[in-house]
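So you can see what is in the structure, the chains are spelled out below.
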Amino acid sequence: MSHIFLIGFMGAGKTTVARLLADRLNRPCVDVDDIIEASAGRSVRAIFEDEGEVAFRALESEALLSLESAQPSVVACGGGIVLRDENRSVLKRLGCVVYLKVSAGETLARVGADGTRPLLSGPGGVLAATSLLEARETLYAAVADVSVDTVGLSADQVASQIVSVIEGLCA
Ligand code: S3P
């Protein structure tokens, strides 16, 4: 038995869906951003502001690797986890990867203005969402075992779809 990783862009609903899915599958729910915040003792936003994205990405890789010894869980990953080659290999090695697809417009409607996503804050948010998503789509697709389009679906519906598609795929 291995982890079920939820990947995808900011606002795809990974954290909410991970909780629902973990309940249904009777597994622990883990959020990589939470591991980072707990070990760094401050918020993702503060880490970006004080140390920058490169430092954040190093903490993210460490947090992901720490799951090697965790019991099989549903894991919500930060949207940028696919950026490093090493992370993509770890995802593949430690579990089954589910890509939650979302559009840039939907992302902005869901989380664009809440100030918690440093990469989307500021006046360039719309452009940033569109270009970041475009640059990452191939990476998400390359590492995913399965994809689920979340646009127009509730978190509960997304969780149901995942349950039906992972059977036989994620032991
Ligand atoms: C990021 C996504 C965030 C968080 C950080 C960077 C990204 O997580 O890890 O702000 O690069 O896409 P969510 O995808 O859970 O919002």
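To start, this report covers the structure provided alongside it. None of the values given here were measured: they were computed from a predicted structure.

**Considerations on the site of the ligand**
Close contacts around the ligand come from 14 residues, with Lys14, Arg57, Gly79, Arg117 and Arg136 the closest. Here Lys14 contributes a side-chain N or O atom positioned 2.4 Å from an oxygen atom of the ligand. Contact between the ligand and Arg57: an oxygen atom at 2.7 Å from a side-chain N or O atom of the residue. Relative to its free-state accessible area of 380 Å², the ligand is covered by the protein chains to the extent of 96%. Cavity membership is defined here by more than half of the atoms lying within 2 Å of grid points; on that basis the ligand lies in the largest pocket. Those elements that provide at least two residues to the shell around the ligand are α3 (44-51) and α4 (53-65).

**Let's talk about the nonpolar core**
Phe5, Leu6, Ile7, Leu91, Val98, Leu100 and Ile162 are the most contacted members of the largest nonpolar core, which has 51 residues in total. Looking at which element gives the most residues to this core, the answer is strand β4 (residues 95-101), with five residues. When residues no more than four places from it in sequence are discounted, the contact partners of Leu91 are Phe5, Ile7, Leu64, Cys77, Ile81, Val97 and Val143.

**Thoughts on unusual backbone geometry**
Notably, Asn26 is not glycine yet its phi reads approximately 60 degrees, a positive angle. Inspection of the secondary structure puts Asn26 in the loop between α1 (14-25) and β2 (29-31). Taking the relative accessible area as the measure of exposure, Asn26 reaches 73% and is therefore exposed.

**Remarks on the sheet that holds strand β1 (residues 3-7)**
Reading across from one edge, β2-β3-β1-β4-β5 is the order of the five strands in this open sheet, with parallel pairing throughout. Where the open sheet ends on each side, the last strands, each with one partner, are β2 and β5 (146-149). Averaged over all neighbouring strand pairs, the angle between strand axes comes to 25 degrees, with direction disregarded. Here helix α5 (residues 85-94) sits on the sheet and contacts β1 and β4; the angle it forms with β4, its principal contact strand, is near 115 degrees.

**Some details on the layout of surface pockets**
Estimates place the volume of the largest pocket at around 540 Å³. When contributions to the lining of the largest pocket are tallied by element, the ones reaching two or more residues are α1, α2 (32-40), α3 and α4. Considering every element that reaches the lining of the largest pocket, the biggest residue donor is α1, with four residues. Residues belonging to the lining of the largest pocket are distributed by class as follows: eight nonpolar, nine polar and eleven charged.

**Digging into the pattern of salt bridges**
Applying the stated rule across the entire model yields eleven salt bridges. The salt bridge involving Asp156 is made with Arg24; its shortest N-O contact spans 3.2 Å. In this pair, Asp156 sits in helix α8 (residues 155-166) while Arg24 sits in helix α1, placing the two residues 132 residues apart along the sequence. Overall, the relative accessible area of 39% leaves Arg24 in the partly exposed class. The partner of Glu106 in a salt bridge is Arg110, and the shortest N-O contact between them spans 3.1 Å. Residue Glu106 and its partner Arg110 are both found in helix α6 (residues 104-112); the two are separated by four residues, about one turn of the helix.

The rules behind the values
Residues numbered from 1 in each chain as written. Predicted model: local features only at pLDDT ≥ 70, side-chain atom pairs only at ≥ 80, totals over all residues. Heavy atoms only, no water. Near = heavy atom within 4 Å. Polar contact = N/O pair within 3.5 Å; in protein donor to acceptor, adjacent residues only side chain to side chain. Areas by Shrake-Rupley, 256 points an atom, 1.4 Å probe, with all protein chains shown as cover. 1 Å grid on protein atoms, 1.4 Å probe; cavity = no way out; pocket = protein on both sides within 12 Å on 5 of 7 lines; lining within 4 Å. Sits in = over half its atoms within 2 Å of the grid points. Helix = DSSP H or I, 4+ residues; strand = E, 2+ residues; numbered from the N terminus. Core = buried A, V, L, I, M, F, W, Y, C linked by side-chain atoms within 4.5 Å. Buried < 20%, exposed > 50% of the residue type's maximum accessible area, 1.4 Å probe, protein only. Contact = heavy atoms within 4.5 Å. Pairing = 2+ DSSP bridges. Axes fitted to C-alpha atoms, helices over the stretch in contact; angles between N-to-C directions. Points joined across faces, edges and corners; volume = space filled by probe spheres on them. Nonpolar A, V, L, I, M, F, W, Y, C, P; charged D, E, K, R; others polar. Salt bridge = Lys/Arg side-chain N within 4 Å of Asp/Glu carboxyl O.

Everything listed is a geometric property; what it means functionally is a separate question.
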